[in-house]
Amino acid sequence: MGDQIRAIFWAQFRIIRNYLPRTSAGAVLFAILSLLWYGIFAAGGLALAFGLPHAPAHNLRLYVSLGLLGMLLFWQIFPIMTLSTGRSLDLSKLIVYPIPPSSLFAVEFLLRVSTAPEMIFVLFGLLAGLMRHPLIPPFAPLWLLLYLPFNLFLSLAIREWMTRMFRRKRLRELLALVFVLIAVLPNLIANTSLGTRLKPVFFSLATGPLTPWHEITGLALGNNSILSMAVWVLWLSLAWLFANRQFTRALAVDHSSPTDSSQR
C-alpha cells in the first residue's frame, strides 16, 4: 500500500512538473516569479511572528478574526483556480485499482496542502506571533493548528462538489459565470465604492459569534470556554463530514456508466 501511495504522490508531482515551462529561460522566469510570490507571504508570516508580540491585546480578537476569515476566503478560492487549470490529479480514476477509498481520501486531503501554501506561511507566522505575546497563555495559540485541517477538508469538499457540477451540462455555464465573478470581484472591491460599502459587512461577519474563525480566535487567545471548544469541534466535524461525503459521491459518479453521466 505504501508503494501505491508514493506512486500517487509521484504522479501528482509529474502533473505539476509538466505544467511548468520546459525551456530554461521560461523555467528561470517562473522560478523567479514563484520566489517573489511566495516570498511576499513568507515575509508576511515573519512580520506577524515579530510584530504581534508588541500589538495591544485589546485589538487582537478583532484583527485575528479578520485575518482568519480572509485566510479562509483565500484558501477556498485557490482550489477553484486549481480545478480550472487541471493541475490536480483526479484520484477518483484510481478507484479501479485495489486501493481503499479511505486511503484515497487521505491522499486527496494531503494534496490540498499544495493548493494554497501561502496561507500556511501566514498561519504559522500568526501562530508564532501569538505564542510570543506576553499576555497570551503560551500554548493557547496551538488551537490555530486545527485551522489547517479545517480549511483542507473544506477545500477538498468544494473541489469535489464543483468537479461533479461541471459534469452536468446545464450547470456548466452557470459555474463558468461564477468563475468570472470570482475573478473580477477583488478588482471591483479595490477600485470601486463597493469595497467601502462591504467593509462593515466583512467586519460583522468576522466578529460573528459561533463562526469558526471567531471561536478559534477566542481559543487561541486563551479564552478556553466549553462553548467555544464545542462549537469548534462541531465545525471541524462538519467540514470532515462534508469532505468525506463529497469525495464518496465523486467516486460513486465515476462508477456510473457513460450514458448515465451524460444524462446528469
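Our structure's up above, just so we're on the same page.
So, here is what we can say about the structure in this document. In this text, all values refer to a predicted model and were calculated from it rather than measured experimentally.

Before going further, it helps to spend a moment on the overall build of the chain. Counting secondary structure elements, the chain contains 11 helices and 0 strands. Helices and strands in the chain line up, N terminus first, as α-α-α-α-α-α-α-α-α-α-α. Scored against the burial criterion, the 264 residues of the chain give a buried share of 39%. For the chain, restricting intrachain contacts to residue pairs at least 6 apart in sequence, the fraction spanning at least 24 positions comes to 80%. Here the chain displays about 14,600 Å² of accessible surface, and carbon together with sulfur accounts for 73% of that area.

Our next topic: the pattern of salt bridges. Applying the stated criterion across every chain, the model contains 2 salt bridges. In this structure, the salt-bridge partner of E160 is R159, at a minimum N-O distance of 3.3 Å. Residue classification places E160 among the buried residues on the basis of a relative accessible area of 4%.

Describing two packed helices takes the angle between their axes plus the distance from one axis to the other. It is the contact of helix α4 (residues 101-111) with helix α6 (residues 147-166), at a shortest axis distance of 9 Å, that shows an interaxial angle of 110°. Looking at the two axes, α4 sits roughly perpendicular to α6. Residues F105, E108 and F109 of α4 touch α6, and the partners they reach there are P149, L152, F153, L156, R159 and E160. Of the residues that constitute the contact of α4 with α6, the class distribution is 6 nonpolar, no polar and 3 charged.

Scoring rules and cut-offs
Residues numbered from 1 in each chain as written. Predicted model: local features only at pLDDT ≥ 70, side-chain atom pairs only at ≥ 80, totals over all residues. Heavy atoms only, no water. Helix = DSSP H or I, 4+ residues; strand = E, 2+ residues; numbered from the N terminus. Buried < 20%, exposed > 50% of the residue type's maximum accessible area, 1.4 Å probe, protein only. Contact = heavy atoms within 4.5 Å. Areas by Shrake-Rupley, 256 points an atom, 1.4 Å probe, with all protein chains shown as cover. Salt bridge = Lys/Arg side-chain N within 4 Å of Asp/Glu carboxyl O. Axes fitted to C-alpha atoms, helices over the stretch in contact; angles between N-to-C directions. Parallel < 35°, antiparallel > 145°, perpendicular 65-115°, else oblique. Nonpolar A, V, L, I, M, F, W, Y, C, P; charged D, E, K, R; others polar.

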